Amino acid sequence: MQASPEFAELRKRYRGFAFPATAAFLIWYLLFVFMSNWAPGFMNTKVIGNINVALIFGLLQFATTFGLAWAYSRFSAKRLDPLAEKLRDDYAKGRRAS
Amino acid sequence: MSHQTLTTILFLAIVALTVAVTVWASRQTSGAADYYAGGRGFSGFQNGLAIGGDYMSAASFLGISGAIALSGFDGFLYSIGFLVAWLVALLLVAEMLRNSGRYTMADQLAYRMKQLPVRKAAAVSTVAVSIFYLLAQMVGAGSLVALLLGVESQGIKNFTIFGVGILMIFYVTIGGMKGTTWVQIIKAVLLMVGSALIVVLVLAKFGFNLSDLLGAAAANTGKGDAFLQPGLKYGVTPTSKIDFVSLGIALVLGTAGLPHILIRFYTVPTSRDARKSVMWAIGLIGTFYLFTLVLGFGAAALLTKDGLAKVAATKGNLASPLLAEMVGGGPGSTGGAVLLAIIAAVAFATILAVVAGLTLTSSMSVAHDLYNSVIKKGTATDKQEMRVAKLSAIVIGLIAIVLAIPAQNLNIAFLVALAFAVAASANLPAIVYNMFWKRFNTRGATWSIYGGLISSLGLVFFSPVMSGKVLPVLDAAGKQVGEISGSLFPLGVDFAWFPLENPGLVSIPLAFFLGWLGTVTSKEPAAEERYTELEVRALTGAGAEEAVQH
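Residues numbered from 1 in each chain as written. Chains lettered and ligands numbered in written order. Predicted model: local features only at pLDDT ≥ 70, side-chain atom pairs only at ≥ 80, totals over all residues.

A. How the structure looks around unusual backbone geometry. Residue and element names in this part refer to chain B. One non-glycine residue, R40, adopts positive backbone phi at about 55°. Residue F208 is not a glycine yet carries a positive backbone phi of 55°. Counting through the fold element by element, F208 comes out in the loop between α8 (154-205) and α9 (210-220). (Helix = DSSP H or I, 4+ residues; strand = E, 2+ residues; numbered from the N terminus.)

Below you can see the structure in the form of structure tokens.
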């Protein structure tokens, strides 16, 4: 089955989403950690009242986490699950036939 | 009614409820798949709640809010790291693990490698990480009960730790995964409702204006704007800044290597449900960590000098309960006593659920990986295996009780972060390589697991956590009047040579490197051949373990 073009496609789609997305959120998170350490002038700037850039940056990490989780769930329901299901059925049929 | 009576009643109610659920679950448990994986019959939503219940430990509830109350913005890193980490689990681990394993973390390594060495390594690291994590929970239980009874008696703290240990052994041996999962679900609901209540009460005091709350926190702690800015705790020296990075990396990479979280993915019928449960967990955990921000800054803003001193004396671990007492009307008031009792009971439920999950995980790994696969070469019956699992739950519980007693002067979130560093070093590299690198083999896996485990534990041992950290004792005017030890060893003992308190920055890359080195220096064609099979199974779910039909 691993030789089938469909499996290759599934693998490509999955990795094409998961790898860049992982790289992106790790960089975004590390940016927060590094800026907290080495960019005090920017992070300490007050935006509204006592709310500074650092807090907004931190809350944005929450927003992006929720967003990316949601995007991945949509992506896999649309682009991965149907293909995986078909391959699983083929596998079950193949096993019964042999 | 005194608040002690009320607290005792609430504690007993929680214990009774969870015990009843456990007994009920034990009647539904018949075989190993039930005992280990809850029959794989939980829905994505139920498992999402249970993951939340397993993950939001005393470290989150007591530790993070305390870290924020003491160090301001720097404590918030815990909340962020603990949440963002779930993306690693969601994107790279959860579904593939569900499809390729059976009961334990070792299963997916053993799928294509030499059973014995990888199972042994994975079992050792599972037990090590779990015991580290258990310590933190026990410490939380001890300080909580001492606060409620209003005594600083070491005897009572130790007795509490012992009692928690006995309860968790009960949940695990009687209820198995089903019982434990339901305990975690109940706890997740209690925790969310309880902390939401305090959050609303705190925000109401500031007219739901976050900026005012922050301003009051900055003013009340006497630290001013620095309290709201990064760097109060970690920005002092270049070493502490690097420590901050090390902590940040351990937090974000640790979650997907925590054995007690990983095995939760086996309790659902399909990989799609595993994904759904992570989605629910992210929503739940994210909301909770937003609460911790309010709890932490709320404690800093509202507690009296006396209260803040108490928080500091317990390394922050009591910030949330004391805050609950304050928003209920303050010490001595009925409202304060009621809220304190409720929050303490919630924290107690939190601790019970997490220790049960941890003990279950490590005892399963001992029985399934060490006993059945290594000692019995796979010939043990389900019955024998489960008996060993129950026995090892008792032993692990006892070890945790003994080790928890000296660890009582550390912040719980900090202790848990160490467990994260160990998990990220010992487990994550092997899991990720195994899923995504065809060439990966047995030597690579064992080198990375043992290398990560030994280096992370070793570096902690030679770090300021264990010895050599001296803290000034200040009088009311802020003048230094003496010194105390900030380490586990008393003042005067100093064998620390590793400057960072969190080892992740060194041990995680080292484990990845060792995994690579071990792999390229050995040849194992079988592991490469089986990889294709593993990948098909992981991605499509073909041939994966199915739910138990009752």
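B. Structural view of the interface of chain B and chain A. On the side of chain A, 39 residues touch chain B, which itself brings 39 residues to the contact. Contributing elements (two or more residues each) for the side of chain B that touches chain A: α5 (73-100), α9, α10 (238-254), α12 (271-302) and α21 (525-540) of chain B. With 10 residues, the top contributor of residues to the side of chain B that touches chain A is α5 of chain B. When its residues are assigned to classes, the side of chain B that touches chain A shows 24 nonpolar, 11 polar and 4 charged. (Contact = placed C-beta atoms within 7 Å. Nonpolar A, V, L, I, M, F, W, Y, C, P; charged D, E, K, R; others polar.)

C. Up close: the confidence of the model for chain A. Mean pLDDT for chain A: 91, with 94% of residues reaching 70 or above. Across chain A, the element-wise mean pLDDT spans from 90 in helix α2 (residues 40-43) of chain A up to 95 in helix α1 (residues 5-38) of chain A. (pLDDT = per-residue confidence, 0-100.)

D. Region of the structure containing helix α13 (residues 305-313) of chain B. Residues and elements named next belong to chain B. Where α13 is concerned, the buried positions are G307, L308 and V311. For α13, the angular spread of buried residues about the axis comes to 95°, placing them on one side. Opposite its buried face, α13 presents the exposed residues K305, D306 and A309, each directed more than 90 degrees away. Taken together, the buried residues of α13 touch α4 (58-71), α12 and α14 (319-327). Positive phi shows up at K315, right after α13, with a value of about 55°. (Buried ≥ 20, exposed ≤ 12 C-beta atoms within 10 Å, placed from the backbone. Arc of directions from axis to C-beta.)

E. Geometry of the pairing of strand β1 (residues 470-474) of chain B. All names here are of chain B. Buried residues are scarce in β1, accounting for 0 of its 5 residues. Alignment of β1 against strand β2 (residues 480-485), held across 5 bridges, turns out to be antiparallel. Residue V473 lies in a different strand from β2, and its bridge partner there is G482. (Pairing = 2+ DSSP bridges.)

F. Structural context of the packing of α13 of chain B against α14 of chain B. Residues and elements named next belong to chain B. One can describe the packing of α13 onto α14 by two numbers: an axis separation of 9 Å at closest approach and a directional angle of 160°. Between α13 and α14, the angle is such that the two are roughly antiparallel. Crossing angle aside, the handedness with which α13 passes α14 is right-handed. Between α13 and α14, the residues in contact are G307, K310 and V311 and A319, L322 and M326, respectively. (Axes fitted to C-alpha atoms, helices over the stretch in contact; angles between N-to-C directions. Parallel < 35°, antiparallel > 145°, perpendicular 65-115°, else oblique. Left-handed = near helix turned anticlockwise from the far one by under 90°.)

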